[in-house]
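# Tertiary structure, described
Each chain is listed here by its residues.
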Amino acid sequence: MEKICVAVRVRPPICHENSSSTFWRVDDNQISLHKLHGSPISCVSYAFDHVFDENCSNSDIYELLTKDIIHAAVDGFNGTSFAYGQTSSGKTFTMNGSSNDPGIIHRAVNDIFQKINIISDREFLIRVSYMEIYNEEINDLFAVENQKLQIHENLERGIFVAGLREEIVNNAEQVMKLLESGEVNRHFGETNMNARSSRSHTIFRVVIESKGKDTGSFGDYSSSDAIRVSVLNLVDLAGSERIAKTGTGGVRLKEGKYINKSLMVLGNVINKLSDSAKQRAHIPYRDSKLTRILQPALGGNAKTSIICTVAPEEIHIEETKGTLLFASRAKRVTNCAQVNEVLTDAALLKRQKLEIEELRRKLQGSHAEVLEQEILKLRNDMLQYELEREKLEMELEKERRSHKERDRYIRDQLMMIENLSSLVSDGDGSSSQGSMKESPIEECNNRGDDFKTPCFRAAPKAFVAKRSNYSQLPDLSPLPDSFSDVADEDTWFKINKGYIADLDSLQTTPARKVQSFPPEDVTPNYLNKKYKTELQNLKRRLELVTEEKNELQRKLAEDIEVKDRLKGDISKLKQEALLAREMPQRLCDSVTSFKDTYEEVLSKMQRYTFDGKSSTAKLLRCICEIGSILFSTMETSISNTTDRHKLSSRNDSLIQEYNKMLSEKLKSTITSLILSETASSEDKQTKTPCSCNFEVAAWSRYHVSILVLFFVMILGYFVSFFRTLIF
Ligand code: ADP
Ligand code: MG
């Protein structure tokens, strides 16, 4: 067991602030915050394995912090070295360096090749890969087409990124060229703090395989045949500052949230690992891709060093404190590194050994350099084929798993259907425990390969019931594919202020559930009872639905009856409406015939009025006049009535008005006639009374009264008729 080696590096100030009131002071392996006049600020002092001030070089850092890990990696130990800190604090400078001060990666690569060249009793195979984690997606920096790669784990290879291109290399220059080409594909962005700020975490991975020389044949797996396989990760993390500090929005903001999310998980993992062993219930490695890939390096089988870079400026004081707190916690993490030896074909070196020997034999006599180049090329080709094969195998495995899943689901469904149907047919379910009937579908799936069309044989019910229920228990933390929620300001403080997240509340990786006995609710008896109750409920519901249906049918019959009655009423009303529409026409005909009769009567009466000057003649003329007006009014009204649009109550009032006017005219005519008649008769009586005149006067009065009566009757009849017609 050994502790993670933690160092802090203070970069030189970029701008010398005049107004700063504090500064960071480095004394040996301590860093503390001091006031400008020199007195230390209490509680802001930290001690680490190493603290490097602004005057130190990458070479110093490599010598003191990383060299041992690199040498250990050559000896077969896993190793990881990563840089943590806010943007512009010097992470990339530390890892990649500059032309006159190469960084850790450059030095490590050189060192590896130097070291393996001096080790004469072992032969080595080195392969490198370069990836970035950008917005929680793993991209291959050696092959841009390899995007969104997945993390897998198996017994032989442990945790690995599937489909990641690996290049076999045999000298440092080759690695540098590859790194240069990979750098081009990296995600950078401009932030307030750094014009070329790395927005992704990058992992440069070196796999070192080695085998003792002259250890006999490769065909058998004797202990002397063991191959050491070690993995070295050199990690340049993205900036750990608060989002507000970078002053970014849009894409930069999204990146920032993902960066903080994975750094928060890294903080949580470190926090958990720094707890005592008893409290380490569950380490949330699977909550981010970064921690999942670095899992062996964090509290596992690896030698790890962390270089925490800080900026000395006063404006960065909060970020610096946060970084120092992270470093303090990381210091408490212990790892347990051991040499990794494998005897299986997982070691590429073993698989390629015979091939290389063969090639060497063939190329004997050629120029040594050309020979080495040829070997390297062939090795790389072979590696690519292997990676291809691995990819295909993984896809096949995925297919197989989904096929099995489908198969299991269909079986469960079949069993459930069978259970239900047997319950329905048996009623009490007792016979369901009898001999097991064979499903009509023949079992053929077990024999053939997994990609045949599935055929099933029903397994015993109890077994399937148990199996299906067991299979629902999640026994492993699922790998999170995406992070919908993101870290915010609070999260940042949680990372950097020593907050330990409540890991039980993390939904993405539920702790391993172990259940040795089936719960009561998956036993066959319980299921039988459950099905019975379900069946009874269904029957009850069926009865209710039938009743409801009958009720609806009755209501429908009633409705049809009412509808028929209404239809009859409507046809009657239609007929009446037809008659009413014909009424004005008939009325018009009657008025015309009345008019004819009236004119005939009047013409006959006028023939008796001798000279036309008598009162009778006057009366007749008046009546004739009134009659004409009356009839023409009538005709107009009727024609208006026929034309339905003009029909209105105005007609009625018009007729009444006429009626009134005519009555008054008639009355006044009669009064004037009576008066003139009386006067003339008195006059005639005093002069020469004539019986003939007396007769005429009597006759006239008689006819006048008849005519008036007749006229009033007609008038009354028409007025009342019109009223009914209109309303
Ligand atoms: P980060 O990767 O943390 O965002 P960089 O490594 O890109 O920061 O550093 C930001 C700037 O500071 C770069 O221009 C780099 O050259 C400079 N710098 C960082 N650390 C040092 C150092 N120790 N000495 C000299 N320059 C440095
Ligand atoms: Mg950087």
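Structural notes, computed from the coordinates. Counting from 1, residues in each chain are numbered in the order their sequence is written. The lettering of chains begins at A and the numbering of ligands begins at 1, in the order of writing. Confidence filtering applies because this is a predicted model: local features only for residues at pLDDT of at least 70, side-chain atom pairs given and counted only at 80 or more, and all residues used for totals across whole chains, interfaces and linings. Derived side-chain values reflect all non-hydrogen atoms in the structure, with water molecules and hydrogen atoms excluded from consideration.

### Some remarks on the sheet that holds strand β3 (residues 22-27)
Strand pairing follows a simple DSSP-based rule, namely that at least 2 bridges must link the two strands. Numbered from the N terminus, helices here are DSSP runs of H or I no shorter than four residues, and strands are runs of E no shorter than two. Read across the open sheet, the three strands follow the order β3-β4-β5; overall the sheet is antiparallel. The open sheet has two free edges, formed respectively by β3 and β5 (40-47), since each of these has just one partner strand. Each neighbouring strand pair of the sheet contributes to a mean axis angle of 25°, computed without reference to strand direction. With four bridges joining them, strand β4 (residues 30-35) and β5 adopt antiparallel strand pairing. Across the sheet, I31 pairs through a bridge with Y46, a residue of β5. Only the contacting stretch of a helix is used when fitting its axis, a line to C-alpha atoms as for every element, and angles between N-to-C directions run 0 to 180 degrees.

### A look at the packing of aromatic side chains
Pairing of aromatic rings covers Phe, Tyr and Trp, the last through its six-membered ring, and needs centres within 6.5 Å; plane angles under 30 degrees mean stacked, over 60 mean edge-to-face, and all others mean tilted. This structure, assessed with the given rule, holds four aromatic pairs. Considering the side-chain rings of Y84 and F326, the 3.7 Å spacing of their centres and the 5° angle between planes classify their relative orientation as stacked. Of this pair, Y84 sits in strand β7 (residues 79-85) while F326 sits in helix α8 (residues 317-330), and the two are 242 residues apart along the sequence. The same class applies to Y84 as to F326, namely buried. Ring centres of Y130 and F142 lie 6.1 Å apart, and the angle between their planes is 55°; this geometry places the pair in the tilted category. One end of the pair, Y130, is in strand β8 (residues 122-134); the other, F142, is in the loop between β9 (137-140) and β10 (151-154), and twelve residues separate them in sequence. Three labels apply to residues, based on accessible area from a 1.4 Å probe with only protein chains included: buried if under 20% of the type maximum, exposed if over 50%, partly exposed otherwise in between. The buried category is assigned to F142, whose relative accessible area is 11%. Site record: aromatic cluster; members linked through ring pairs are Y130, F142 and F204.

### Concerning a nonpolar patch on the surface
Taken together, the side chains of Y409, I410 and L414 make up a nonpolar region of the molecular surface, amounting to roughly 260 Å² of accessible area. Relative to the helices and strands, L414 resides in helix α10 (residues 368-426). Looking at L414, the relative accessible area reads 32%, which means it is partly exposed. What goes into a patch is any residue over 30% in relative accessible area without a salt bridge, connected to like charges within 9 Å or, for nonpolar side chains (Val, Leu, Ile, Met, Phe, Trp, Tyr), within 5 Å. Computed with the Shrake-Rupley method and a 1.4 Å probe, the accessible areas treat only the protein chains shown as cover for residues. The term salt bridge refers to a side-chain nitrogen of Lys or Arg lying within 4 Å of a carboxyl oxygen of Asp or Glu.

### Some thoughts on the site of ligand 1
Throughout, near means a residue has at least one heavy atom within 4 Å of the molecule or strand. Near ligand 1 you find twelve residues, and of these S88, G90, K91, T92 and F93 are the closest. Taking G90, its main chain carries an N or O atom lying 3.1 Å from an oxygen atom of ligand 1. We call two N or O atoms a polar contact when they sit within 3.5 Å, provided that within protein one can donate a hydrogen and the other can accept it, with sequence-adjacent residues counted only if both atoms are side-chain atoms. At 2.9 Å, a side-chain N or O of K91 approaches an oxygen atom of ligand 1. When isolated, ligand 1 has an accessible area of 550 Å², and the protein chains bury 73% of it. Among the elements that line the shell around ligand 1, the one with the most residues is helix α2 (residues 91-96), at three residues.

### Regarding helix α4 (residues 172-184)
Expected helix span is given by 1.5 Å per residue-to-residue step, counting one fewer step than there are residues. Its 13 residues place the ends of α4 19 Å apart at the C-alpha level, agreeing with the 18 Å of an ideal helix rising 1.5 Å per residue. Those residues of α4 that sit buried are A172, V175, M176, L178, L179, G182 and E183. Projected down its long axis, α4 shows its buried positions confined to an angular sector of 165°, all on one face. For α4, exposure combined with an orientation more than 90 degrees from the buried face picks out E173, K177, E180 and V184. Within this analysis, the arc is defined by the directions that extend from the helix axis to the C-beta atoms.

### Things to note about the nonpolar core
Residues grouped as a nonpolar core are buried Ala, Val, Leu, Ile, Met, Phe, Trp, Tyr and Cys residues, joined through side-chain atoms within 4.5 Å. Core analysis: the biggest nonpolar cluster contains 46 residues, and V8, I31, F48, L266 and L298 have the highest contact counts within it. Not counting the four nearest positions on each side in its chain, I31 is found in contact with V8, V10, W24, R25, V26, V44, S45, Y46, F48, V51 and L324. In terms of nonpolar packing, the next biggest core, distinct from the first, is built from 38 residues, A7, A73, M95 and F124 among them. What makes two residues a contact is simply this: any of their non-hydrogen atoms within 4.5 Å.

### Points about the pairing of strand β2 (residues 5-10)
Of all six residues making up β2, five are buried, and the element is well covered by its neighbours. Bridge count for β2 against strand β17 (residues 303-310) is six bridges, and the pairing is parallel. When the sheet's bridge partners are listed, V10 is paired in β17 with V310. In this sheet, strand β6 (residues 50-52) lies alongside β2 in parallel orientation, the contact comprising three bridges. Each residue of the ladder has a partner; that of A7, found in β6, is H50.

### Remarks on the pairing of strand β16 (residues 227-236)
With respect to burial, β16 is a largely interior element, eight of its ten residues being buried. The sheet contact formed by β7 and β16 spans five bridges and is parallel. Counterpart to G79 in the pairing with β16 is L232. Bridge count for strand β15 (residues 201-212) against β16 is nine bridges, and the pairing is antiparallel. Among the inter-strand pairings, I203 is bridged to a residue of β16, identified as V235. As paired elements, β16 and strand β19 (residues 341-342) share two bridges and run antiparallel to each other.

### Things to note about the pattern of salt bridges
Within this structure, the stated rule accounts for 21 salt bridges. In this structure, R408 and E405 form a salt bridge, with 2.7 Å as the shortest nitrogen-oxygen distance. Here R408 pairs with E405, and both are found in helix α10, just three residues apart, close to one helical turn. Judged by its relative accessible area of 44%, E405 falls in the partly exposed class. Connected through shared salt-bridge partners, R127, E166 and E209 make up one network.

### Some remarks on the environment of R329
Structurally, R329 can be placed in helix α8. Considered as a pair, R329 and G267 are 62 residues apart in the sequence and their alpha carbons are 8.7 Å apart. A polar side-chain atom of R329 sits 2.3 Å from a polar atom in the side chain of N271.

### Things to note about α8
Helix length check: α8 (14 residues) gives 20 Å between terminal C-alpha atoms against 20 Å at 1.5 Å per residue, within 8%. Across the 14 residues that make up α8, a large majority, eleven, are buried. Within α8 the residues assigned to the buried category are I317, E319, T320, G322, T323, L324, F326, A327, S328, R329 and A330.

### Structural notes on the side chain of R127
Tracing the backbone shows R127 in strand β8. Reaching out from R127, the side chain makes a polar contact with the side chain of E166 at a distance of 2.7 Å. Of the polar contacts made by the side chain of R127, one reaches the side chain of E209; its length is 2.5 Å.

### Some words on unusual backbone geometry
Although it is not a glycine, S88 sits at a positive phi angle of roughly 75°. Looking at the element boundaries, S88 is found in the loop between β7 and α2. By relative accessible area, which is 13% here, S88 ends up buried. Positioned with a positive phi, K148 is a non-glycine residue whose angle comes to about 50°. As for its placement among the helices and strands, K148 is situated in the loop between β9 and β10.

### Things to note about the environment of K377
One can find K377 in helix α10. A residue is classified by how much of its surface remains accessible, and K377, at 51% relative accessible area, is exposed. For K377 and E167, which are 210 residues apart along the polypeptide, the C-alpha to C-alpha distance reads 9.9 Å.

### Focus on the packing of helix α1 (residues 58-74) against helix α3 (residues 104-118)
Remark: α1 packs on α3, axes separated minimally by 9 Å, with the N-to-C direction vectors making an angle of 45°. Compared by their axis directions, α1 and α3 come out oblique. Between α1 and α3 lies a crossing of right-handed hand. Only I104, R107, A108, D111, I112, K115 and I116 of α3 make contact with α1, whose side of the interface consists of N58, S59, I61, Y62, T66, K67, I70, H71 and V74. Note on residue classes: Ala, Val, Leu, Ile, Met, Phe, Trp, Tyr, Cys and Pro are nonpolar, Asp, Glu, Lys and Arg are charged, and everything else, Gly too, is polar. Residues belonging to the contact of α1 with α3 are distributed by class as follows: eight nonpolar, four polar and four charged. To sort the angles, those under 35 degrees are grouped as roughly parallel, those over 145 as roughly antiparallel, those from 65 to 115 as roughly perpendicular, and the leftovers as oblique. Helix crossings get a hand from a simple test, with the near helix turned counterclockwise from the far one by less than a right angle marking a left-handed crossing and a clockwise turn marking a right-handed one.

Keep in mind that these numbers describe shape and distance, not what the molecule does.
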